[in-house]
Amino acid sequence: MKSLLEQLRARIIQEIESAKTQDELKNIEIKYLGRNGELTIMLKGLKDLSAEEKPVIGKFANEVKIDIDKTFKGRAEVLEEENLAKACSNDDFDTTMPGTKFKMGHLHPLFQVQRDVERIFGQMGFAVIDGLEMDSEYYNFESLNIPETHPARDMQDTFFIKDKYHDFHKRMVMRTHTSPLQVRSMEKYGAPLRIIVPGRVFRYEATDASHDATFNQVEGMLIDKNISLAHLKGVMTEFLTRLFGKPVKVRFRPGYFPFVEPGIELDLSCLLCDAKGCRVCKHTGWMEFMGAGMTHPNVLRAGGIDPNIYQGWAFGFGLTRLTMMKYNIDDIRLLMSGNLKFLNQF
Ligand code: PHE
């Protein structure tokens, strides 16, 4: 058996060395090492050997197999190199021709900005929360201190989902803001709390250059002990300065939202003229940015948090508008258009 193995080894190695193409090499492999290959069959015969012969011949057979494998690999490499060299010296093959260009996609500008927002707030210890785009009237309105008959409901034109009614949750709506995640997050995580909620929101509105029926917002909420609007000013100044990569100032004006008390509107110093006054900021030096305020005690209570122990603030800004500000986009409809001529600029 040993000599048979030796002969076979010599024959296989000789054939491998003289293989001219990768196909030939493949055929040799099948012929000897395939399921019905000569070597395979011979190795199967090892089990019929006597107890003394088995370990000796077995060890030898193993060496044979290793030798053959090595020779195979070596020859395959040589053939591969030859192929390449042939291809490069072939007159039909012009190595100076530009190759096939692979087009890389990229994130939509809206989500490039969203990533920046998430990164900066993340660095300040805020968790990023995802929410439902369809939610109940309770979470979208009632829990936020906006009862059914409250005139503030008119501030946000709402898409209602037909045929779904629940005694407590009332109708289902396409959320008009990301604020339903305020009470949902308080219920889920309790206090203290530091979250942002980026997401799509929906309003039943006619569209024009600055209004769309679908747009993106980012909600923010911070709840802890001894919290004031000074913290909001600090966080927003830091956030906007990091986002735009230059010092940005913010200012508060009074504003009204039923879920905050006091409520404010936050403006930022005009990015184009650095607050000197220009056409874009209508010569005021400021741009409107977002609504915010100290969370109303009713809202804290709705979230199961005791307003005598904890205070907090919340804000909501338009990610769509922020993206438009950052890239100087003058028509909101472009952002949702899927128009590649527009999108490929980012
Ligand atoms: N949800 C409000 C809006 O969409 C913004 C806001 C959020 C205001 C949080 C105050 C606090 O207009």
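Description of the structure in this document. For every chain, the first residue of the written sequence is number 1, and numbering continues from 1 along that sequence. At least 70 in pLDDT is required for a residue's local features to be given in this predicted model, at least 80 for side-chain atom pairs to be given and counted, and no such filter applies to totals for whole chains, interfaces and linings, which use all residues. For the side-chain quantities, the full set of heavy atoms in the structure was used; hydrogens and water were omitted.

Brief notes about unusual backbone geometry
It is generally the case that most residues other than glycine have a negative phi and that most peptide bonds are trans.
Here's step 1: A cis amide bond links A191 with the next residue in sequence, P192, at an omega value of -5 degrees.
Here's step 2: Note on conventions: DSSP H or I runs of at least 4 residues are helices, E runs of at least 2 residues are strands, and numbering of each starts at the N terminus. Mapped onto the fold, P192 is located in the loop between α7 (180-189) and β5 (193-202).
Here's step 3: Following E261, the chain continues into P262 via a peptide bond in cis, with omega recorded as 0 degrees.
Here's step 4: Among the structural elements, P262 can be located in strand β8 (residues 260-269).
Here's step 5: The phi torsion at K170 lies on the positive side, around 65 degrees, for a residue other than glycine.

A short note on the sheet that holds strand β1 (residues 127-128)
Here's step 1: Pairing between strands is defined by DSSP: at least two bridges between the two strands are required. Taken in spatial order, the seven strands of this open sheet run β1-β5-β6-β10-β9-β8-β7, and their pairing is mixed. Since the sheet does not close on itself, it has two edges, and those belong to β1 and β7 (250-254), each with one partner.
Here's step 2: By the bridge criterion, ten bridges tie β5 to strand β6 (residues 214-224) in an arrangement that is antiparallel. Within the sheet, the bridge partner assigned to V197 lies in β6 and is E219.

Quick look at the packing of aromatic side chains
Here's step 1: Centres within 6.5 Å make a pair out of two Phe, Tyr or Trp rings, where for Trp the six-membered ring is used; the pair is then stacked when the planes are under 30 degrees apart, edge-to-face when over 60, and tilted otherwise. Inspection of the entire model under this criterion finds 13 aromatic pairs.
Here's step 2: With 5.8 Å between their ring centres and 25 degrees between their planes, F239 and F317 make a pair best called stacked. Here the residue F239 occupies a position in helix α8 (residues 229-244), and F317 occupies one in strand β10 (residues 311-318), the gap between them amounting to 78 residues.
Here's step 3: Ring pairs connect the aromatic residues F121, F126, F239, F289, W313, F315 and F317, which therefore count as one cluster.
Here's step 4: We note R184 situated over the ring of Y139; from NZ or CZ to the ring centre the distance is 4.1 Å.
Here's step 5: For the cation-ring pair, K233 lies above F252, with the distance from its terminal atom to the ring centre recorded as 5.3 Å. Over a ring means this: the NZ of a Lys or the CZ of an Arg is within 6 Å of the ring centre and within 35 degrees of the ring normal.

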